[in-house]
Each structure stands twice: as structure tokens, then as C-alpha cells.
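# Overview (structure and organization)
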Number of protein chains: 2
Amino acid sequence: MSVTMRDVALLAGVSNKTVSNVVNDHPHVHPTTRARVQQAIADLGYRPNLSARGLRSGRTGVIGLAVPELRQPYFAELADAVIAAAERRHLSVIIGQAGADREHEMAVLTRGLRQTDGLLFSPEHLGTEDRGLLGDVEYPLVLLGERIFGGPSDHVTMHNVEGARAAVEHLLGLGRRRIAVVGAHPDRRTGQLRPSDLRVQGYREALDSAGVPQERRLERAVAPWHPENGADAMRELLDSGLEFDGVLALNDSLGIGVLRALGKAGRRVPDDVAVIGFDNIADGRFTTPSLSSVDPGRDEIAETAVAMLVERIESGSGAPRAPRLHKAAFHIVARESTGGHDEEPLRHGATGEPAEG
Amino acid sequence: MSVTMRDVALLAGVSNKTVSNVVNDHPHVHPTTRARVQQAIADLGYRPNLSARGLRSGRTGVIGLAVPELRQPYFAELADAVIAAAERRHLSVIIGQAGADREHEMAVLTRGLRQTDGLLFSPEHLGTEDRGLLGDVEYPLVLLGERIFGGPSDHVTMHNVEGARAAVEHLLGLGRRRIAVVGAHPDRRTGQLRPSDLRVQGYREALDSAGVPQERRLERAVAPWHPENGADAMRELLDSGLEFDGVLALNDSLGIGVLRALGKAGRRVPDDVAVIGFDNIADGRFTTPSLSSVDPGRDEIAETAVAMLVERIESGSGAPRAPRLHKAAFHIVARESTGGHDEEPLRHGATGEPAEG
DNA sequence: GTGAAAGCGCTAACAT
DNA sequence: ATGTTAGCGCTTTCAC
């Protein structure tokens, strides 16, 4: 029924091996032979059976990406970038959503994603205490995010501390002194390296360097990082009667909720309260006012993570090199919510009245 | 190096076949034998080689999902739902982004996604004129969206005409009579069945039924459907001096841009202009004001599409049944942008001050 | 530069 | 209820 390599070989009058050489771009194939084989491939519409190739070679050409939830804009944008980076290397990407609970994440980590050569894993529940699990992982693995540091795996992450610090310095530079932070983790166990803890650390460092006193009641706990929870936290802060003139939202989803709660409460942004988020998701450009943010280098993260994973896959378990850590470059994007002027909107296509036709 | 079925069979003192039966949950295995085999599997940490299974059985257990761009919130939410629906059936999902251009989509359609048993395909560029291509497709295929109607493929889509019509009726019910539509296709060739054309049709039908005259200049062309382009179109409409008191944005991304442009121009929503979008993406709940929308039944679309694809896969080419069409149920979600009161925000987790510890 | 043969790990068909 | 055999389509030796 389907065309096999053997059919191509017969039509081209060569052996299996030669067809394989042509398909895999091996050198040492006579140009004439190559052309004849390619013609036969085209004539028959031959396409290699990837299961057979996978069985024989031990490689599937597929990598896995495990994220908590694809519907969170940050992860959708990350997945977009990972798929693009993988495609450049002729790899496909299977996406798994593991954020439901801890068990789900452990299952993904121990078993990997089916049918893949390696895994990019962005955990939400697993933490440093699960580091031991990583030692047992037998497939190529690159971690995204920072919940599990110091393990035996490659690691690609962002400048959480420095980014948050720069964001607060941006607010301080606007003359704000009573700066709240929204998104701290409700359970502040020590030794955890959650993004929230690292970003709170950057927040505190910035205040300390500027000689601005810290105030614990301005650090608001929120989990998970969804807009509704950001809005709730902001309402609670408003109700508390505490004064504040700046807010660091620990990600943009929270920031969008914060903007909304402020707007509904009649606080003007940025005049009364300046707000900055984190992640620079696309949505932040179209809120009213538009949301300043820390751009964490999403494309660099995706590209580096895929490159590292490919290296691990290609080196096999042969040359066990030391685990690497890469932190992508970040920068502050000042939009209206911190008094920046609106970016000139890029025109991505046609607008106007439709042409009748 | 890795554990094979043979190793398990030897340890359990049974044959390959029995191990296979256990692994695949076949009936007719003695409970005692089954237990012994399962113990051996656990002891050795055996995991089936899916490439081998795929080669032998002709099934990979992986389906493909091709969307224009994952970073568009609608497609991210759709992919989320598709992955969840596939997981319930123990299938994995490879995601491909094909929206770059027409050639890319044709390549995906003719070749499928590698290593998959079938494809869910949501085209952005291919249209009815490419229907012929579908006849040549030899793998199980389910189309999402409505660009290619009347072909030989199964099809899952939404009530574009009816949804848009209901949205406009909602605006008419508020007493609005000068209703603009943002997102018509710039090139209005006839015979096209793009979402934009269908939604514009619903818009016109609603006006006609209410005896409100159509006005072509209130139909604004925008492509692609990104917020910046929605904002541009709204600015142009404002600059044109035309009067209007209602806007149907043909999707929520456009709607978000429309809200922003109206806000910047000092128009109050919904007092001066009522706005409704389409797709009911999560972002619309947190704009200021929140965005009313048409909920197109995303989960139903995903679930139905996966179910149809699985049927096609399992029936093989044996029983070529007639192509099916499924339209998911829709409903109007009235939020602030059409005078609805804000939904009570759902509390999805903890907020408050972090516990020190 | 090309061919012949072996075998990757599994399941389907048939046998018992 | 379990065993035996064959072979899916490819790549990888190893010849020549």
C-alpha cells in the first residue's frame, strides 16, 4: 500500500542503501545516481516511514515541551517560540500540559513524553526538594524556569532577581516610594527558588539600595498568577487603606488584573499609581493604559533551550558534560502604566474599507 | 541497553506475546500470569518502544494540530482544549504553526505532520479554491474553521453567521442603530467562506431584520486580526467623521484594539459606543471595560474534532463514510462593553499577605 | 561509490 | 490461555 524505500530502489535501479544515502544527504553519492534516485522518489511520492527510522536509529526527530497550561499567554508565546526554533532544526514538538498537579508533573518527569528524543520541562509544582528525581532521569532534559536549581540538568531561565530589581528601580526613578508587590507566594518556605521568591528578592534589593524602607504589608500573596487573582489582591490592598504609589506585578497576567481593579476603584494610572508587570506578553500592549513590563527574552530562552537539548541528544550519554545554566538578557519596556508614551503601533497588515469585488 | 519486551518475558517466564497481551490490556490473560508479568515490568522498568509499535501496527498514537500561530490567544486556548481531549484518549499532540503563508499551509496539508496518525487542520490562507487538494489527502483529516467548505473532509466549526447576527441583535437591543463592523476581509472575492465573510453576513442579516439600513463605510477591513490593526481601523473610523454607537469586532483581539483606540480618543464605552467581540478569549474579561463577546464553544469544538479524527483513524480507509459537519453551540456573553455588569470574578486561589515562615 | 544482509522491538497470524 | 514465527521499513555494518 504505501511506498517503501525498496520500491524507490527498484525503480531507480539501485540498492536500498543508496536510496537511504540520498534521503539522508550523505556525501559520497554520485550526482547522477542521486538525481536518478530523487526522480524515483518524486515519481512514486515516496516518504520515509519515521517509525521505522526511529526504531532503527533510536531517534524520533520529536522533542517534548511540558508546560503548566498552554492557555496562559506566557506559555503560549514560549511554545510558539520553541516550535519555531525546533522547526529550524527539522524537529517536531509534542506539547504536554502538566500543570494540573504535582503528580502529573512527576509522571511527566519520570516517564518523559512519549515518542520523544528529549524534553523541555517547565515545572510549576516541583521544587528544589524534588531535585533527587532529576538524577534518575535517563533521557536528555533541559529545565525551563528556576524552581529546581543545582540539579544535574541543563537549565535555561531569566534574570528574575535582576529584572524585578530593575523594574522597581524604574518605579523609584519616577519618584515613587510606596511600592507594593503583587504575586508573592502564600507559603513562604525558605530555600524555595520560585520565580515569585526571586522576584520579591529583587524588589527588596531595589528598595534597600535606594534606602526606602520595606513594608511587609505591601507584599501581597497571590497564587496562581491569573488576572482575577491580581484584581482580588489589588482590591484587598485598596481596602486595607495602606498608601502606595507604585505596583510591581510579578507577571503581566497579574498586572492586567491590577490595572483593572485600579481602574474600577477610580485610581488613575500612572498618575496616582504606576504599575509595571513582568514577562512582556503581547496583551500588555493593548490594555488601557498599556502595561510596562520586564521583557525576559522569550525568544532567546526558546532558542537556547532547544539548542542545548539538541546537543544533549546528539552527544548521547557518551560525553556526560557538566550541567549548564543560561540566563537570557532582559530589558525594561516602559509603556503608559509607568508614564512611558505609547509605542507607535506596528502596522501588520491592511486596514480600510473592504474592496468590493 | 534499554529494556525490551523480551527481557520482561524471560524474567516472567512467559513468551513475548503474553507480555504484549498484558501491556495492551488484552483479555484472555490469566490473572496470575498478568500479575507476574506486571511485576517483571515494574522490576525492570520496562517501557514499550513506541517506534517499534508504530512500525508494526501502523499507528503512532500521535495526532497533529496545525494552527496559524499559537501566540494568538484563540489558538492557544484551542490547542489547550485539543491537548486535553487527546490526553483523555491517551493520544499525544504535535503542534505545527503553518500560518506564515499559503505555501506553508499547502505543505502541511499535502504532507501532514510527521509521525502522526491524523491531522486537525485550521487553515488561514487556503480557501475554497484549494478544495481539490483535499481530495488527494490520504490520511485522516478533520478541518477546523470554515475556509474550505463542501470538500470531502470532516469539518468542525462554529456558528459564525448566527453568532455575529446574535451579537448585532444584542447591540440593537441596547438601542444602537449605527453599528460598525471591524475585521472584514480587504479582498472581498465572492465565493469565499472566510470567518470574516460569514460574520459580516450575520451582521448584515441582523441589520436587515431590524430594518436598519446597511452602510458600507461602517464595514471596516482589517487583516490580520491583531489588536494593533483593530486599533488602527478604529482610529480611521473615528477620523472619518462617520457617526456610530456600536461596534462588532469580528474577534476579541480586534475588539481589544478597538477598546483601546476608543479609550484614547475619549469615547466612553458603552455609553458612547457599545462594543462586542467574538471568540470569548480569557483576555476579554480583564480589559477596561471588560469585553462582551460571542462564546463559540471552544471545548465542544476541540472534543468533537478529536472524536471525529479518532473515528476516522480507527475506521481506516475501510468504511469511507460521508464527510460530516459539526457546528458547536454558541452564546452571547454580556460584559461591561455592552452595559452588562461585571461578572463576579472567580477566585482561583489564595490571596492575602504571604505567611512568613 | 555502491550492494547484501542483519536486525532494531514490537504485534498479528497462526498454532497449540 | 499461551507460544512460535514472521516481518513492519529503515539504517548500519561490512563487503566489494
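The model shown is predicted, which means the values in this text are computed figures rather than measured ones.

## With respect to the relation of the copies chain A and chain B
- Mapping chain A onto chain B is achieved by rotating through 180 degrees and translating by 0.0 Å along the same axis, at an RMSD of 0.1 Å. Seen this way, the second copy is the image of the first under a two-fold rotation axis.
- Same-surface contact between copies: 100% of interface residues of chain A are shared with the interface of chain B.

## Observations concerning the environment of B:Gly13
All names here are of chain B.
- Here Gly13 shows up in the loop between helix H1 (5-12) and helix H2 (16-23).
- What makes Gly13 exposed here is its relative accessible area of 59%.
- In this structure the C-alpha to C-alpha distance between Gly13 and His326, which are 313 residues apart in sequence, comes to 51 Å.

## Let's talk about the protein's contact with DNA strand C
- Taken together, 22 residues surround DNA strand C, and among them A:Thr18, A:Thr33, B:Met5, B:Tyr46 and B:Arg53 come closest.
- Per the 4 Å cut-off to the protein, sugar and phosphate atoms form 72% of the nearby atoms of DNA strand C.
- At a separation of 2.7 Å, a phosphate oxygen of DNA strand C approaches a polar backbone atom of A:Ser15.
- The contact in question runs from a base oxygen of DNA strand C to an N or O atom on the side chain of B:Arg56, over 3.3 Å.
- The set of elements that each furnish at least two residues to the surface near DNA strand C consists of helix H2 (16-23) and helix H4 (50-57) of chain A together with H2 and helix H4 (50-57) of chain B.
- With 4 residues, H4(B) is the single largest residue contributor to the surface near DNA strand C.
- A class-by-class count of the residues in the surface near DNA strand C yields 8 nonpolar, 9 polar and 5 charged.

## Comments concerning the packing of helix H10 (residues 227-240) of chain B against helix H11 (residues 252-264) of chain B
Residues and elements named next belong to chain B.
- Where H10 contacts H11, the two axes come as close as 7 Å, and the packing angle between them is 45 degrees. Taken together, H10 and H11 sit at an angle that is classed as oblique. Note on packing geometry: the crossing formed by H10 with H11 is right-handed. Between H10 and H11, the residues in contact are Pro227, Asn229, Gly230, Ala231, Met234, Arg235 and Leu238 and Ser253, Leu254, Gly257, Val258, Ala261 and Leu262, respectively.

## A word on the domain arrangement of chain A
- The domain architecture assigned to chain A consists of domain 1 (5-48), domain 2 (62-157 + 297-321) and domain 3 (160-295).
- Relative placement of domain 1 of chain A and domain 3 of chain A: their C-alpha centres are 61 Å apart.

## Overview of the pairing of strand S6 (residues 179-184) of chain A
Residues and elements named next belong to chain A.
- Where burial is concerned, most of S6 is hidden: 6 out of the 6 residues are buried.
- As paired strands, S6 and strand S8 (residues 246-249) are joined by 4 bridges and run parallel to one another. Along S8, the bridge assignment pairs Val181 with Leu248.
- Two strands pair when backbone bridges link them, and S6 and strand S7 (residues 219-222) are joined in this way by 3 bridges, in the parallel orientation. Opposite Val182, over in S7, you have Arg220 as the bridge partner.

## Notes on helix H8 (residues 160-173) of chain B
All names here are of chain B.
- Taking 1.5 Å as the rise per residue, H8 with 14 residues should run 20 Å; its terminal C-alpha atoms sit 20 Å apart, in good agreement.
- Taken across its 14 residues, H8 has 10 buried, putting it largely inside the fold.
- By the burial criterion, the buried members of H8 are Asn160, Val161, Gly163, Ala164, Ala166, Ala167, Val168, His170, Leu171 and Leu172.

## Observations concerning the interface of chain A and chain B
- Each side of the interface is counted separately: chain A has 79 residues, and chain B has 79 residues.
- Taking both partners together, chain A and chain B bury about 6,800 Å²; carbon and sulfur atoms supply 48% of that area.
- If you sort the residues of chain A by the area they bury against chain B, A:Arg114, A:Arg260 and A:Phe286 come out on top, with a joint share of 11%.
- Linking chain A with chain B are 8 salt bridges, by the criterion used here.
- Taking the shortest distance from any N to any O, the salt bridge between A:Glu228 and B:Arg285 comes out at 3.4 Å.
- Across the contact surface, chain A and chain B share 13 residue pairs in polar contact (both at pLDDT 80 or more).

Conventions and cut-offs
- Residues numbered from 1 in each chain as written.
- Chains lettered and ligands numbered in written order.
- Predicted model: local features only at pLDDT ≥ 70, side-chain atom pairs only at ≥ 80, totals over all residues.
- Heavy atoms only, no water.
- Least-squares fit on C-alpha atoms with pLDDT ≥ 70 in both.
- Contact = heavy atoms within 4.5 Å.
- Helix = DSSP H or I, 4+ residues; strand = E, 2+ residues; numbered from the N terminus.
- Buried < 20%, exposed > 50% of the residue type's maximum accessible area, 1.4 Å probe, protein only.
- Near = heavy atom within 4 Å.
- Polar contact = N/O pair within 3.5 Å; in protein donor to acceptor, adjacent residues only side chain to side chain.
- Nonpolar A, V, L, I, M, F, W, Y, C, P; charged D, E, K, R; others polar.
- Axes fitted to C-alpha atoms, helices over the stretch in contact; angles between N-to-C directions.
- Parallel < 35°, antiparallel > 145°, perpendicular 65-115°, else oblique.
- Left-handed = near helix turned anticlockwise from the far one by under 90°.
- Domains from an automatic or database assignment.
- Pairing = 2+ DSSP bridges.
- Expected span 1.5 Å × (residues − 1).
- Buried area = accessible area lost by both parts, 1.4 Å probe.
- Salt bridge = Lys/Arg side-chain N within 4 Å of Asp/Glu carboxyl O.

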